[in-house]
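Single-letter residue listing:
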Amino acid sequence: MTATTHAASAQAAPPQAADGVRRAARRSAERRRNAAAGVLMTPFFLLLALVFLLPVGTAVWLSFFSADEPGLGFGPERTVFVGLRSYAAVVTDPTFLSGLGTVALYCVIYIPLMVIGSLALALLLDSGVVRLRSWAQLGLFLPHAVPGIIAALIWLYLYTPGISPVIEALGKADITVDFLGLHTTLPSIVNIALWSNLGYNMVVFYAALQAVPREVLEASVVDGAGPVRTALQVKAPLVRSSLVMVAMFTLIWALQLFTEPMLLHQSSQMISTRFSPSMYIYDAAFSRNNYSLAAAASVILLVITIAVSYGVTRWTNRVDSAKENAR
């Protein structure tokens, strides 16, 4: 019995040793992969910490402290802890709430026009209807290469009565338009944003359309689908992920509206220095020197942006899940 046991152990030893060697090799390979991944991800985390986490942390810290001058303003300035006082001042300020309402209306107008317009242009280019396709892409993308400040200055020139060739031409046709009036200011800002970003998002959609399998399009043609039906019922659903991505990034950018109204407010009484939340933050920090208030408003705007983005993401995921379950 003993001899049989030793023989069985001798026969079982080599497979066990081989398994141990394989496990050690797998662990070593896994450690090397983790180390390589860590090295490659280190620059990302450093940039994330420097350009996002550190500024956010600084803003949160500043929002809880404020400068105080005791002795009726004649004493030395000191920094005191104020808790949530700055947050309460922001959320009860009518100008900040009005700015949020303005940005919400801006998003309602701007985001559908941007997404639908850029997708329509991409579908036109992909259909082959447009000739000189590469030149058309370049012409549509060029406005995006113009810095936002320069674009706003160009349109400010076109919106200003007395010097604008557009207003002069409309005047000769007995058409009077005040682009910076009470009801036209927001559409004028939307127009600048569309001019600057429509071509960029069109390129994103066009790249997604190039990845659509050609056999799917050929099958739709065989089934009798025309160009419009193919574009709306075949191509558009297949680039839905790009649609969600463009809508999300456009939403995040729109909530931070600043450059266009900041430049236009010098020529329009309809645009105040607190027209949008970002302009409110700028005014609080650099006009009123209230960095605690500006920091609190920045944190509130960040929380709103994250909450809205998260809500849109959850909603799109639920829609996708519902469609998959329906299938």
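What counts as what
Residues numbered from 1 in each chain as written. Predicted model: local features only at pLDDT ≥ 70, side-chain atom pairs only at ≥ 80, totals over all residues. Heavy atoms only, no water. Helix = DSSP H or I, 4+ residues; strand = E, 2+ residues; numbered from the N terminus. Rg over C-alpha atoms; globule rule 2.2 N^0.38 Å. Buried < 20%, exposed > 50% of the residue type's maximum accessible area, 1.4 Å probe, protein only. Lys, Arg positive; Asp, Glu negative; His and termini not counted. Charge placed at Lys NZ, Arg CZ, Asp CG, Glu CD. pLDDT = per-residue confidence, 0-100. Core = buried A, V, L, I, M, F, W, Y, C linked by side-chain atoms within 4.5 Å. Phe/Tyr/Trp six-rings, centres within 6.5 Å; stacked < 30°, edge-to-face > 60°. Patch = residues over 30% accessible without salt bridge, like charges linked within 9 Å, V, L, I, M, F, W, Y side chains within 5 Å. Areas by Shrake-Rupley, 256 points an atom, 1.4 Å probe, with all protein chains shown as cover. Salt bridge = Lys/Arg side-chain N within 4 Å of Asp/Glu carboxyl O.

Trainee: I'd like to hear about the overall build of the protein, residue by residue, with values.
Mentor: Secondary structure assignment for the protein yields 13 helices and 2 strands. Over its C-alpha atoms the protein spans a radius of gyration of 29 Å, topping by over 25% the 20 Å that the globule rule assigns to 327 residues. Viewed in the frame of its principal axes, the protein has a C-alpha envelope of about 110 × 80 × 35 Å. Every one of the 327 residues in the protein was classed for burial, and the buried ones make up 32%. Of the side-chain charges in the protein, 22 are positive and 17 negative, and the distance between the mean point of each set is 14 Å.

Trainee: Run through the confidence of the model for the protein, naming residues and quoting values.
Mentor: Within the protein, residue pLDDT values average 85, and 91% of them lie at 70 or more. Across the protein, the secondary-structure element scoring lowest on mean pLDDT is helix H1 (residues 2-63), at 77, and the one scoring highest is helix H12 (residues 277-286), at 94.

Trainee: An account of the nonpolar core is requested, with residue identities and associated values reported.
Mentor: Nonpolar side chains tend to gather and get buried jointly when the protein is soluble and globular. The biggest cluster of nonpolar side chains holds 46 residues, and the ones touching the most others in it are Tyr106, Tyr110 and Leu264. When contributions to this core are tallied by element, the ones reaching two or more residues are helix H3 (94-127), helix H5 (148-159), helix H7 (185-210), helix H9 (227-238), helix H10 (240-255) and helix H11 (259-264). Judged by nonpolar contacts, the second largest core, of 16 residues, contains Val90, Ala285, Leu293 and Ala294.

Trainee: If you had to explain the packing of aromatic side chains to someone new, which residues and values would you point to?
Mentor: Counted under the stated rule, the structure contains 14 aromatic pairs. Aromatic side chains Phe44 and Phe45 sit 5.2 Å apart centroid to centroid with 65 degrees between the ring planes, which places their arrangement in the edge-to-face category. Taking the relative accessible area as the measure of exposure, Phe45 reaches 47% and is therefore partly exposed. Their ring planes at 50 degrees and their centres at 5.0 Å tell us that Tyr282 and Phe286 sit as a pair that is tilted. Separated by 4 residues within a single helix, Tyr282 and Phe286 lie in helix H12, roughly one turn from each other. Using a relative accessible area of 56% as the deciding quantity, one classes Phe286 as exposed.

Trainee: Residue-level account of the environment of Leu84, with values.
Mentor: Its location among the elements puts Leu84 in the loop between strand E2 (78-81) and helix H2 (85-91). Considered as a pair, Leu84 and Ala225 are 141 residues apart in the sequence and their alpha carbons are 60 Å apart.

Trainee: Before we move on, can you summarise unusual backbone geometry with the specific residues and values?
Mentor: Look at Asp174: it is not a glycine, yet its phi comes out positive at around 60 degrees. Relative to the elements of secondary structure, Asp174 occurs in the loop between helix H6 (165-172) and H7. In this structure Asp174 comes out as exposed when scored by relative accessible area, which is 73%. In this structure, Asn289 takes a positive phi of about 55 degrees despite not being glycine. Within the secondary structure layout, Asn289 lies in the loop between H12 and helix H13 (291-326). Assessed through its relative accessible area of 53%, Asn289 is described here as exposed.

Trainee: I'd like a rundown of a nonpolar patch on the surface, residues and numbers included.
Mentor: Together, Leu47, Leu50, Val51, Phe52, Leu53 and Leu54 line one region of the surface with nonpolar side chains, adding up to about 610 Å² of accessible area. Within the secondary structure, Leu54 sits in helix H1.

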